[in-house]
Amino acid sequence: MIKKYRFGHPFETGAVIADLPVREGLPEIGEIRADAEGFHFSYVMEKDAAVYGLGETVRGINKRGWHYVSDNSDESFHLEDKTSLYSAHNFLLLGGRQKAGLFFDYPGMMTFDVGYTREDLLTVTCERADLDLYVIIGDSLRDICRSFRRMTGRSYIAPKWALGYGQSRWGYVTPEDFHEVVDTYRSLHIPLDAVYMDIDYMERYKDFTVNAENFPDFAGFVREMKTKKIHLVPIIDAGIKQEKGYDVFEEGLEKGYFVTDEEGKPFDTACWPGLTYHPDFLKADARRWFGRKYTALTDKGIDGFWNDMNEPSLFYTKGSMEKLRINLRQFLSKPAEDSDYFELMGSMRGLRSREAYRHFYHDVDGEKVCHEDIHNLYGYMMTRAAGETFEELFPDRRILLFSRSSYVGMHRYGGIWQGDNKSWWSHILLNLQMSVSLNMTGFLYTGADIGGFGSDTTRDLLLRWLAFGVFTPLMRNHSAWDTRRQECYRFERPEDFAHVIGVRYRLLPYLYSEYVKAALKDDLYFRPLAFDYPEDSMAVRVEDQAMLGDGLMVAPVYTQNAAGRYVYLPEDMLFVKFTPDGIIREEMASGVHFISVALNEVPLFVKKEHILPLASPAESVEDLDEDNLTLLGWVTGKAEYLMYSDDGYTREYENPAHFRVIRME
Ligand code: MIG
């Protein structure tokens, strides 16, 4: 059951699509103060009861013990002490006896103190008491999650090729760079479906342009890649370069589609292209206009995009740069002092600060709205612009779309990647925990930069990460330009990489089925063990394993120099290990086990009486043979599996012909 409460005058975020009546009075759960001072929700948590949700945040699956701030930020250090990352997913799930879901639909900055200030106290606060609060009651956490998902709409479903493996790196510039990646992968028989194009493909970082010197015949290049069964996925940034003659700039100016300063003049920002203007994605017309711009690339055969820098991330604004110049002039005009260091550093930091968000405005149906008040919607609305256009222009074709920044509601239009992580062992674990939490908030199509974006990776780290990445819907190796190269073929024994990534393709009949079924049923693809085994006091504490779909449990190795790991089995399961020499299967009783896993092996667990269908190895999704499946399972009686398969690109998900029952006895 869902109850909706309204405080003040909430901004229409579009997160919720269900039409629900507003209740009188206050919810029965927690205490609320809503007045001119702001909004303050507090709730005394049951001892030992877990709190889940919040989507893209640092720390564990159980969110207790830290505070989190919804304030979308370009944060490249995903450390334990951070409070904000790129997205705002204001949905909490309270475990314990009184189970409930709480969704705070508020697009400005919001703080979730989950036992940080006082161990047993949960508080949710924001500056303005203008929001909708949804309280969801249900029998189980999974049920509550499903209700939440139903009210916020069906999760985006990616084309099937986008569940293949993708290679990316900031710094591929010329066609030769791309050909080298593709040809090396193909010659070493390492599977590959997509190569990502980072900002260097553009002409001077201008969205929807392609550097003509490097790509004189871009459509031909895209076609050539398609013959190699490769999809190219270009990046789109939020800021539009200020440059005379550039259509996006000129039209945006003319039609008034950019965010403005207090006086209504376009607001100067800066990002990779230098000075930019930021489209006002809150405006329906501007969204429609911007969405149509993607056709410059779809017309050339492109069928996938990733939206970046849309928190929005601003290197500086004209104002903050001007302020710095004034400070520096003053600084130079006086004698050197001991405190110079601090003064200088302080001035520099002001260049790139969230202060800018207070100084520009959106036009929402004729009403001027300060960015600060709706900050967390920006990346969502940018991606919605593209998503709505694709639905309209290509009703019979899925386009890959994912974003860095998001808010609940964006999950209907695209997925997200987990941003600028590092080549750290702890970030394999964070990848798992974040994926589980993101699933609760509707983001099923997600994955992290495998191998790590920042810092230098190592062969063992990349292999272990890939062995977890074979389970995430988005499976992409991406890294920053100034780090050690991390394409699989840069390391010794590339056949080990071919094997590990090959397992992904063997698992695709299952992974794709579970992914689409989860989207269609508003269900979870990844779940904490606590959702499936709420009565098991060991299972509810597990933070480094996850349930995956109908019958699988994953337990990646995420520590250096490990021979394997300890795993907790809440029930009898079949341990399956994919080794280069074949599949090893071992029936295991519930309890704790140590499993040995070599660097070139992929471990997984299949629940007893469940079936895992396996395809033969393939080097691209297109080459996958789903008619000849091998069935794996520890089945003593009869077991059934509902498999979903379609052409991978049309949108007729409900067609009964896509479902078939597989039996094993
Ligand atoms: O300021 O486009 O998160 O994936 O490689 C950095 C360059 C901008 C941030 C993205 C990252 C991408 C990078 N971008």
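Our subject is the structure listed above.
On a predicted model such as this, the values are computed, not experimentally measured, just so you know.

**Quick notes on the pattern of salt bridges**
Summed over all chains, the structure comprises 55 salt bridges. With a shortest N-O distance of 3.0 Å, Arg142 and Asp523 are connected by a salt bridge. Note that Arg142 is positioned in helix 1 (residues 141–152) and Asp523 in the loop between helix 13 (494–520) and strand 28 (526–527), a separation of 381 residues in sequence. The exposure class of Arg142 is partly exposed, given its relative accessible area of 22%. Between Lys160 and Glu626 there is a salt bridge, with its nearest N and O atoms 3.0 Å apart. Residue Lys160 is located in the loop between helix 1 and strand 12 (165–167), and its partner Glu626 is located in the loop between strand 36 (612–614) and strand 37 (630–632); the two are separated by 466 residues in the primary sequence. Each member of the pair, Lys160 as well as Glu626, is classed as buried. Bridged by salt links that share partners, the residues Asp74, Asp308, Glu311, Arg352, Arg404 and Asp420 form one connected network.

**Things to note about a nonpolar patch on the surface**
Taken together, the side chains of Met538, Tyr566, Val592 and Phe594 make up a nonpolar region of the molecular surface, amounting to roughly 440 Å² of accessible area. As for its placement among the helices and strands, Met538 is situated in the loop between helix 14 (529–532) and strand 29 (546–548). A relative accessible area of 42% means that Met538 is categorised as partly exposed.

**Some words on the packing of aromatic side chains**
To describe a pair of aromatic rings, you give the distance between the ring centres and the angle between the ring planes. Scanning all chains against the criterion turns up 55 aromatic pairs. Between the aromatic rings of Tyr525 and Phe526, the centroid separation amounts to 4.9 Å while the plane-to-plane angle is 85°, which identifies the pairing as edge-to-face. Considered together, Tyr525 and Phe526 belong to a single accessibility category, that of buried residues. We note Lys368 situated over the ring of Tyr361; from NZ or CZ to the ring centre the distance is 4.9 Å. Cation over ring: Arg476 sits above Trp306, and NZ or CZ is 4.3 Å from the ring centre.

What counts, and at which threshold
- Residues numbered from 1 in each chain as written.
- Predicted model: local features only at pLDDT ≥ 70, side-chain atom pairs only at ≥ 80, totals over all residues.
- Heavy atoms only, no water.
- Salt bridge = Lys/Arg side-chain N within 4 Å of Asp/Glu carboxyl O.
- Helix = DSSP H or I, 4+ residues; strand = E, 2+ residues; numbered from the N terminus.
- Buried < 20%, exposed > 50% of the residue type's maximum accessible area, 1.4 Å probe, protein only.
- Patch = residues over 30% accessible without salt bridge, like charges linked within 9 Å, V, L, I, M, F, W, Y side chains within 5 Å.
- Areas by Shrake-Rupley, 256 points an atom, 1.4 Å probe, with all protein chains shown as cover.
- Phe/Tyr/Trp six-rings, centres within 6.5 Å; stacked < 30°, edge-to-face > 60°.
- Lys NZ or Arg CZ within 6 Å of the ring centre and 35° of its normal.

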